[in-house]
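Chain by chain, the residues:
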Amino acid sequence: MGASLPPKEANLFKLIVKSYETKQYKKGLKAADAILKKFPDHGETLAMKGLTLNCMDRKSEAYELVRQGLKNDLKSHVCWHVYGLLYRSDREYREAIKCYRNALRIDPDNIEILRDLSLLQAQMRDLTGFVETRQQLLSLKPNHRMNWIGFAVAHHLNSNASKAVEILEAYEGTLEDDYPPDNERCEHGEMLLYKISLLEECGFLERAVEELHKKESKIVDKLAYKEQEVSLLLKLGRLAEGGKLYRELLPMNPDNYRYYEGLQKCVGLYSENAQFPPDEIDRLDALYKSLGQEYKWSSAVKRIPLDFLQGNRFMEAAENYIRPLLTKGVPSLFSDLSPLYDHPGKVGRYSGATYAQLGAFNKDNRPIPWKHYDRRGQYDIALSKIDEAIEHTPTVIDLYSIKSRILKHAGDLAAAAALADEARCMDLADRYINSDCVKRMLQADQVALAEKTAVLFTKDGDQHNNLHDMQCMWYELASGESYFRQGDLGRALKKFLAVEKHYADITEDQFDFHSYCLRKMTLRAYVEMLRFQDRLHSHAYFHKAAAGAIRCYVKLHDSPPKSTAEEDDDMSKLPPSQKKKMRQKLRKAEARAKKEAEEKHEESSAAGASKSGKRHVKPVDPDPHGDKLLQVEDPLLEATKYLKLLQKNSPNSLETQLLSFELNMRKQKILLAFQALKQLLRLDAEHPDSHRCLIKFFHKARSMAAPVTDTEKLIWSVLEAERPTISQLHEKSLIEGNKIFLEKHKDSLMHRAAVAEMLFVLEPDRKLEAIKLIEESTNNVMPKKGALGPVGEWKLKDCIAVHKLLGALLNDNEAQLRWKVRCAEYFPYSTYFEGSRSSAMPNSAYNKTNRNSENGSANHSGGETADSLASNGKLEAFVDLTI
Amino acid sequence: MDIRLLRSSDIPNVQLANLTNLPENYFLKYYLYHALSWPQLSYVAVDVSSLEYNASSNPYTSKPPKIVGYVLAKIDEDNNQTGHITSLSVMRTHRRLGLAEKLMRQSTRAMREYYNARDVSLHVRCSNQAAIGLYTERLGFAREKVESKYYADGEDAFSMKLDLVSAFKDEEKAAEGEGEKTDGVDEGGEVGEAGKKEEKKTVKVGRQLGVQSLVENVVQKPSQQVAGA
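Residues take numbers from 1 onward in each chain, read along the sequence in its written order. All chains are assigned letters beginning at A, and all ligands numbers beginning at 1, according to the order in which they are written. Two thresholds apply to this predicted model, a pLDDT of at least 70 for residue-level local features and 80 or more for giving and counting side-chain atom pairs, whereas whole-chain, interface and lining totals are computed over all residues. As a rule here, side-chain values come from all non-hydrogen atoms in the structure, and water together with hydrogens is ignored.

Engineer: Describe in detail the overall build of chain A, supporting the description with residues and values.
Structural biologist: Counting its secondary structure elements, chain A contains 45 helices and zero strands. Relative accessibility under 20% of the residue-type maximum defines a buried residue, over 50% an exposed one, and the middle range a partly exposed one, all with a 1.4 Å probe and only protein chains included. A burial count over chain A gives 53% of its 883 residues as buried. Between two residues, a contact is recorded if the distance between any of their heavy atoms is within 4.5 Å. For chain A, long-range pairs separated by at least 24 residues make up 60% of all intrachain contacts whose partners lie at least 6 apart in sequence. A helix here means a DSSP run of H or I that spans at least four residues, while a strand means a run of E at least two residues long, and both kinds are numbered starting from the N terminus.

Engineer: Describe unusual backbone geometry, and please don't skip the residues or the numbers.
Structural biologist: It is generally the case that most residues other than glycine have a negative phi and that most peptide bonds are trans. Residues and elements named next belong to chain A. Omega for the bond connecting Tyr179 with Pro180 falls within 30 degrees of zero, at 0 degrees, which places this linkage in the cis form. Within the secondary structure, Pro180 sits in the loop between α10 (161-173) and α11 (185-202). Of note in this structure, Gln471 is not a glycine but carries a positive phi near 60 degrees. For Gln471, the position within the fold is in the loop between α27 (447-454) and α28 (473-485). Owing to a relative accessible area of 7%, Gln471 belongs among the buried residues under this scheme. Even without being glycine, Met521 reaches a positive phi, approximately 70 degrees. You can see Met521 is positioned in the loop between α30 (513-520) and α31 (523-534). Taking the relative accessible area as the measure of exposure, Met521 reaches 1% and is therefore buried.

Engineer: Break down the sheet that holds strand β3 (residues 66-75) of chain B for me, with residues and values.
Structural biologist: All names here are of chain B. By definition, two strands form a pair when at least two bridges between them are found by DSSP. Read from one edge to the other, the open sheet built from seven strands follows the order β1-β2-β3-β4-β5-β7-β6, with strand pairing classed as mixed. Every other strand in the sheet has two partners, leaving β1 (2-5) and β6 (142-147) as the edge strands with one partner each. The mean angle between the axes of side-by-side strands here comes to 25 degrees, regardless of whether they run parallel or antiparallel. What counts as an axis is a line fitted to C-alpha atoms, over the stretch in contact for a helix, and the angles between N-to-C directions run from 0 to 180 degrees. Across the sheet, helix α2 (residues 28-37) is in contact with β3 and β4 (82-90); its angle to β3 comes to roughly 65 degrees.

Engineer: Can you break down the environment of Gly237 of chain A residue by residue, with the values?
Structural biologist: Residue and element names in this part refer to chain A. Here Gly237 lies in the loop between α13 (222-235) and α14 (239-252). The class of Gly237 is partly exposed, set by a relative accessible area of 46%. Residues Gly237 and Lys265, 28 residues apart in the sequence, show an inter-C-alpha distance of 9.8 Å.

Engineer: Would you mind going over the UniProt feature "repeat: TPR" (unreviewed entry) in chain A in detail, with residue names and values included?
Structural biologist: UniProt positions are given in the numbering used here, feature names are shortened, and annotations may be inferred rather than shown by experiment. Listed under "repeat: TPR" (unreviewed entry) in the UniProt record, and renumbered for this structure, are residues 77-110 of chain A. Regarding residues 77-110 of chain A, the helix share stands at 79% and the strand share at 0%, and the terminal C-alpha atoms are separated by 9 Å.

Engineer: So what's going on with the packing of helix α37 (residues 670-684) of chain A against helix α38 (residues 688-703) of chain A? Which residues, and what values?
Structural biologist: All names here are of chain A. Where α37 contacts α38, the two axes come as close as 9 Å, and the packing angle between them is 150 degrees. The pairing of α37 with α38 is recorded here as roughly antiparallel in orientation. Our pair here, α37 against α38, has a crossing hand that is left-handed. In contact with Ile670, Ala673, Phe674, Leu677, Leu680, Leu681 and Asp684 of α37, α38 contributes Ser690, Cys693, Leu694, Phe697, Phe698 and Lys700. Each residue gets one of three labels, nonpolar for Ala, Val, Leu, Ile, Met, Phe, Trp, Tyr, Cys and Pro, charged for Asp, Glu, Lys and Arg, and polar for the others, Gly among them. A breakdown of the residues in the contact of α37 with α38 according to their chemical character gives ten nonpolar, one polar and two charged. Should an angle fall under 35 degrees it is called roughly parallel, over 145 degrees roughly antiparallel, and 65 to 115 degrees roughly perpendicular, with every other angle called oblique. It is the rotation of the near helix from the far one that decides the hand of a crossing: anticlockwise by less than a right angle makes it left-handed, clockwise makes it right-handed.

Engineer: Describe the environment of Asp282 of chain A, with residues and values.
Structural biologist: The topology assignment puts Asp282 of chain A in helix α16 (residues 278-294). Separated by 27 residues in the primary sequence, Asp282 of chain A and Asp255 of chain A place their C-alpha atoms 22 Å from one another.

Engineer: Could you give an account of the confidence of the model for chain A, naming the residues involved and the relevant values?
Structural biologist: All names here are of chain A. A residue's pLDDT is the confidence the predictor assigns to it, expressed on a 0 to 100 scale. Across chain A, pLDDT averages 84, with 83% of residues at or above 70. With pLDDT under 50 throughout, residues 352-367 is counted as low confidence; its partners more than four residues away or in other chains account for 37 contacts. Counted against residues more than four places away or in other chains, residues 603-616, with its pLDDT under 50, gives ten contacts.

Engineer: Lay out the confidence of the model for chain B with the relevant residues and their values.
Structural biologist: Residues and elements named next belong to chain B. Confidence in the prediction for chain B averages 75 pLDDT; 68% of positions are at 70 or higher. Helix α8 (residues 190-194) is the least confidently modelled element of chain B, averaging 29 in pLDDT, while β4 averages 95, the highest of any element. Within the model, pLDDT remains below 50 along residues 52-61, and this stretch shows ten contacts once partners closer than five positions in the same chain are excluded. Note that pLDDT drops below 50 for residues 177-224; the model gives that stretch 147 contacts with residues more than four away or on any other chain. Model confidence for the complex: the whole-complex pTM is 0.84, and ipTM, which rates the interface, is 0.85.

Engineer: Tell me what's going on with the pattern of salt bridges, and back it up with residues and numbers.
Structural biologist: What makes a salt bridge here is a side-chain nitrogen of Lys or Arg within 4 Å of a carboxyl oxygen of Asp or Glu, nothing more. Under the defined criterion, the tally for this structure stands at 64 salt bridges over all chains. Glu9 of chain A is paired through a salt bridge with Lys38 of chain A; the nearest N and O atoms lie 3.4 Å apart. Remark: Lys38 of chain A occurs in helix α2 (residues 25-38) and Glu9 of chain A occurs in helix α1 (residues 7-21); sequence separation between them is 29 residues. The exposure class of Glu9 of chain A is buried, given its relative accessible area of 3%. Residue Lys38 of chain A is classed as exposed on the basis of its relative accessible area, which comes to 53%. As a salt-bridge pair, Asp430 of chain A and Arg95 of chain B come within 3.6 Å of each other at their nearest N and O atoms. Linking Asp430 of chain A in the loop between α25 (413-426) and α26 (431-443) with Arg95 of chain B in the loop between β4 and α4 (99-115), this pair reaches from one chain into another. Through salt bridges that share partners, Glu169, Glu172, Lys195, Arg207, Glu211, Lys214 and Lys215 of chain A make up one connected network.

Engineer: Hey, could you go over the side chain of Ser830 of chain A for me, with residue numbers and the actual values?
Structural biologist: Structurally, Ser830 of chain A can be placed in the loop between α44 (813-826) and α45 (845-848). Distance and chemistry together define a polar contact, namely a pair of N or O atoms within 3.5 Å, with one atom able to donate a hydrogen and the other to accept it when in protein, and with adjacent residues in sequence counting only for side-chain atoms on both sides. For Ser830 of chain A, the side chain forms a polar contact with the main-chain nitrogen of Tyr832 of chain A, separated by 3.2 Å.

Engineer: Got a sec to walk through the side chain of Thr82 of chain B? Specific residues and values, please.
Structural biologist: All names here are of chain B. Summarising the element assignment, Thr82 is placed in strand β4. Judged by its relative accessible area of 6%, Thr82 is buried. Here the side chain of Thr82 touches Asp119 through a polar contact of 2.7 Å, side chain to side chain. Contact partners of Thr82, with chain neighbours within four places excluded, come to Lys74, Ile75, Asp76, Ala117, Asp119 and Ser121.

Engineer: How would you explain α44 of chain A if you had to name every residue and give the values?
Structural biologist: Residue and element names in this part refer to chain A. Multiplying one less than the number of residues by 1.5 Å gives the expected span of a helix. With 14 residues, α44 should cover 20 Å at 1.5 Å per step; its first-to-last C-alpha distance of 20 Å lies within 8% of that length. Within the sequence span of α44, burial applies to Ala815, Gln816, Trp819, Cys823 and Ala824. The inward-facing, buried residues of α44 contact α41 (749-762), α42 (767-775) and α43 (796-809).

Engineer: Run through α13 of chain A, naming residues and quoting values.
Structural biologist: Residue and element names in this part refer to chain A. With 14 residues, α13 should reach 20 Å at 1.5 Å per residue; the first-to-last C-alpha distance of 20 Å fits that figure. Residues Leu223, Ala224, Tyr225, Gln228, Glu229, Val230, Leu232 and Leu233 constitute the buried set of α13. Backbone geometry just after α13 places Gly237 at a positive phi near 75 degrees.

What follows is the structure in structure tokens.
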């Protein structure tokens, strides 16, 4: 390369390349300009100058130069490679791959380009291509360890683990017997463990054990060695040996649950659901008793038996496990025990007997049994227990956090936020309490206050708020949801899309590791990381963010921002001459604002650049309120992008399919909506929302005009053929189907509400009947347990959803009011229903105490708060969005 | 609580725990960097109460592991004989269970066994009495020096070190002594108190530059090379 240049310039060209690799961009730029002075059209120099500028944040110039360079020298693999690197830096991987391929056409054996190509193929999971490229690299440079390893990994990823084993063994064949030298022992050991894990994956279990034993002295990671060995022994049914090994592993880490599980398997005492016949329970009990003697420090050995013991032995073991933790006041004790909660004769019994003796709190006033009442919905008892404790020891911070949580469950979000803030002020250095408080504030839709509180921990130099930079997704999600509840779609979208961006960044994060891990030989960890990345978008936070964004876009579609329409409306009142003036004025103001923003932006980036050559100042966010996000041409098209990701990564979520249904109905994609409906019925046919979709769909299908085009005829015929396969309908009418659903679920409030809503959809004149259906639901008392008082079955969030249904869809204010009065009885702490004890009422106990808080006193308006309970609720969010 | 090695798939939840508890935060890539460079050293504490036993029976409803504590650890890039604790934290709701100590013991054991490290270092806020107690009294760390304004908010840090060679000797003896390992040491109420509120951190470098300076220098070179260079 640079071959066409005279020696002096050729050296300068090498300097550009070197400067680029060592990130000395200014130096490189100077060298490039020196060449271009003499040879202004030299393609490779132009390209390299562009690539250098790209690293100096001068993107548009970069692309121009690289393209110009390429045009001047289409036969240069350097130009093509540089073009690929440019695309790669912008994550345009497909384009980058094309460029690399062009470069390789000119110089097929270029190692650097092949290597870069292989990295992109790994990143894009173009596994066949990856295998090919890796094979080529190996045949070009078989004396490089990395090329052997890379070829093997490529085959493994491409689902050919046995081929990968062959390659690794061939590689081993090239090594001397005394390999490895001391400084490569760890790497070599990792390679061996990787190979053995591949043998296991292939099912060559005997061979794997044999190989493991043979190479024992060369495997440095003794823990991994033992874990690998025991896993193989278990699969081979060599249980005695396995049991022995587990007893070697347990002393190393007596809190590892998998070791206990494995040991149980080895002694023939394992059951997936922890249900055992009596004789096995005896043996298990004896086993854990003896293990407990050995591993006194382990809590697992004391906790696990609570899952299988019963009766008096349970009581005794529970006493041993719980009592010390109770005395110490371990806050997690109740969540630890919660799986035992609904077990007859377990904690229920334990609690009945022991709590009575203990009283609500032990002598140190640790908050113990509140959760019991909180869980059962007996908020007044839970609160009185907590108040007692606070009165006794007002300095225990957790008591306030707990009270805040109970109030949140009880429906008073504003009071919950205020209490959390009080707790926060008691220890300003503890971020956990700060996070807890911020969460409560967001639930209460106090977003500004929440941000002010959160940034107390995130100031970083001049940077006011690095929550976004630090990928603080829980915060962004919770604010997005709050903005959505408040109808601020721009800001909501901004937050949801920020989370989506984090996930894209995480996907990008793996790029560097494709080569790094091959060199470091951390191959098992590498493959595991790739598998994790493959499932990344099924992560709950991504799901929530994507679902949130879809809801925003759907809402945007249903009620587009009034700006233009309203503006026109305002203007239409003016005489035409003034209208024109007004428009001009607006346009000018807009242009001015834009210019100012740009200037500010340039100033700040210039200031940053002058100091150290690199920009430290963050560019000004050109769209802080997400207004531009609202200006999308086709919101449903945007939504579809995110829906596709949900469908691909969490197809078994009811919410995914509900969103798909809603979106496709709006897009008039009848067959896609039908597909979503079928998925809903498959996932949970008895769910009220599935029923809603079923009725709505066929109701809509019925109202479609007779088919005219071929497509319409096709859709029609598909539906004709499919309808009989839907067992809920068969030959029945929709009205009948709705009725049958009611009979099946007549004791459930949410099902009745769904039936009522559909009744109204099908027969609008039977509205009163629909309302009656809802109002005649009864809030049954849950079966009693122990000596605790009666509790109604209804959940607050359901009652709120019903309240909204009565208003938005059935549009009956009186019924809504009746419902509100009734629910205020059931939920006296609910601000939404203005219950008598909620902070929404001027005389509530809560409002009688005044409090100050450090970070500006909390704004306790109860108003909008209750919507948040429906936060990620299913169809609730669509209640006011009719199809 | 289950104490086990950190896996890549735990990382989003480890990052969440870190962001919830501590002011010193890192990009997700920095966690990946740890997991992929020293996969033996980082551990997590998982609340299995709502998980394991239910998970196997119903894969669709199984939730991601609930990470209630973690230790993120590495080997010093410039000195492969020294381990370093990058970050350690236990959720406030899960304190007093001795989790921090258990996590630390697993990590330091691996440093010694696998990497043959001689010592392990860490930084701790001078005001963090609980953590200092855990490190010095229960784990045997010694204060080396005060690093002035180590943290972004201006607080000083103690730099601490644990001699793994001698710590290892003691443990090995205890282990050989009929598996009676560390009974007296580990038992008792103070375990929890000590683990109450711990943390430790790299600061300015560890945050914004963390990944760039640590990973990219090491990792990115190949992708930076130009054909034929």
